[in-house]
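An overview of the molecular structure
Listed below, chain by chain, are the residues.
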Amino acid sequence: EPEVTQTPSHQVTQMGQEVILRCVPISNHLYFYWYRQILGQKVEFLVSFYNNEISEKSEIFDDQFSVERPDGSNFTLKIRSTKLEDSAMYFCASRPIQSSYEQYFGPGTRLTVT
Amino acid sequence: GESVGLHLPTLSVQEGDNSIINCAYSNSASDYFIWYKQESGKGPQFIIDIRSNMDKRQGQRVTVLLNKTVKHLSLQIAATQPGDSAVYFCAGGISNFGNEKLTFGTGTRLTIIP
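A short tour of the structure in this document, coming up. Note that the structure is a prediction, hence the values are computed from the model and not measured.

1. A few points about the overall build of chain A
- If you tally the helices and strands in chain A, you get zero helices and 11 strands.
- Tracing chain A from N to C terminus, the helices and strands come up as β-β-β-β-β-β-β-β-β-β-β.
- Over its C-alpha trace chain A gives a radius of gyration of 13 Å, about what one expects of a compact globule, namely 13 Å for 114 residues.
- Taken along its principal axes, the extent of the C-alpha atoms in chain A is 40 × 25 × 25 Å.
- For chain A, the residues scored as buried account for 45% of the 114 residues in total.
- In chain A, 54% of the contacts between residues at least 6 apart in sequence involve partners at least 24 apart.
- About 5,700 Å² of surface is accessible on chain A, with carbon and sulfur atoms providing 45% of the total.

2. Observations regarding the environment of B:Pro44
- Relative to the helices and strands, B:Pro44 resides in the loop between strand S4 (32-38) and strand S5 (45-51).
- Taking the C-alpha atoms as reference, B:Pro44 lies 8.3 Å from B:Phe89; in sequence the two are 45 residues apart.

3. Comments concerning the interface of chain B and chain A
- With 24 residues of chain B at the contact, the number on the chain A side is 20 residues.
- Both faces considered, chain B and chain A share a buried interface measuring about 1,900 Å² in area, 54% of it formed by carbon and sulfur atoms.
- Counting across the interface, chain B meets chain A through one salt bridge.
- Across the pair B:Lys101 and A:Glu56 runs a salt bridge whose closest N-O atoms are separated by 3.7 Å.
- The interface formed by chain B and chain A holds four residue pairs in polar contact (both at pLDDT 80 or more) in total.
- Only S4, S5 and strand S10 (102-104) of chain B provide two or more residues apiece to the side of chain B that touches chain A.
- Looking at the side of chain B that touches chain A, the element that brings in the most residues is S4(B), giving four residues.
- Class assignment of the residues belonging to the side of chain B that touches chain A gives a composition of 10 nonpolar, nine polar and five charged.

About the thresholds
- Residues numbered from 1 in each chain as written.
- Chains lettered and ligands numbered in written order.
- Predicted model: local features only at pLDDT ≥ 70, side-chain atom pairs only at ≥ 80, totals over all residues.
- Heavy atoms only, no water.
- Helix = DSSP H or I, 4+ residues; strand = E, 2+ residues; numbered from the N terminus.
- Rg over C-alpha atoms; globule rule 2.2 N^0.38 Å.
- Buried < 20%, exposed > 50% of the residue type's maximum accessible area, 1.4 Å probe, protein only.
- Contact = heavy atoms within 4.5 Å.
- Areas by Shrake-Rupley, 256 points an atom, 1.4 Å probe, with all protein chains shown as cover.
- Buried area = accessible area lost by both parts, 1.4 Å probe.
- Salt bridge = Lys/Arg side-chain N within 4 Å of Asp/Glu carboxyl O.
- Polar contact = N/O pair within 3.5 Å; in protein donor to acceptor, adjacent residues only side chain to side chain.
- Nonpolar A, V, L, I, M, F, W, Y, C, P; charged D, E, K, R; others polar.

Here it is as C-alpha cells:
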C-alpha cells in the first residue's frame, strides 16, 4: 500500500541553524500539507500546497518557514533560523483528489532544537 | 475561530468491551469531521470520516455519530482489541476545493486492559 515517507526520522539542530525536512507524498496525490505536534499537544496545521503554490498557511507559518516541491516527488519544509520553540514532530500529509477528505500522514520527523 | 476539543484526556476499557470517545466542537463551519488514530511514534492514521449533513456513519468495528444540535461527535469502537490502544483525535475540516486544513482536537488516550 502506498504511503507518505519522511526523512529524517529525527533531526537535532542548534538554535539559529537552518533545517530542511523532507517528505515524499503518495505519487498520484495532488494536495500536500505540513502539520506539527509539540510534545503532548494536539496536531496543528502549518501550510497547505497545491499546484506548486501555497493554498493556505497558519499564523505559525511565518517568514522563517517555506515549502517547496522541487522535483515533482519531494515536498520540503524549510525553517530558516530555528528557535527552541520549533522543537516538535513535523508531519507531512497528502490527499489524492478533491472529493476525498482523507489526508494521509507520514510517520513524522522529530525536530529537536538545542 | 474554529476549535475542536475532547471531553476526556484518557479512557481505559476492558478488552472485548465497546469504547466511546467523545469530541466537542464550537464552530459550526466545519462541514466534515475525521477521526484519526495515532500510535506511539507514528503519524495520525485515518479511521473514518463523516459529512456534516449526516448523523451516523459506520465502518469496520467503528461508528461515528454526529449531533449538530449540541455540536458533539463520538467514535464508537466495538469489541476493543489491544491494538486499539492509541491516542484518538477528532479533526474538523471545511471544504475548500481541496485546500482544506484540518483542525485537530487535543486527543483521548485509549488504553485497552487485557
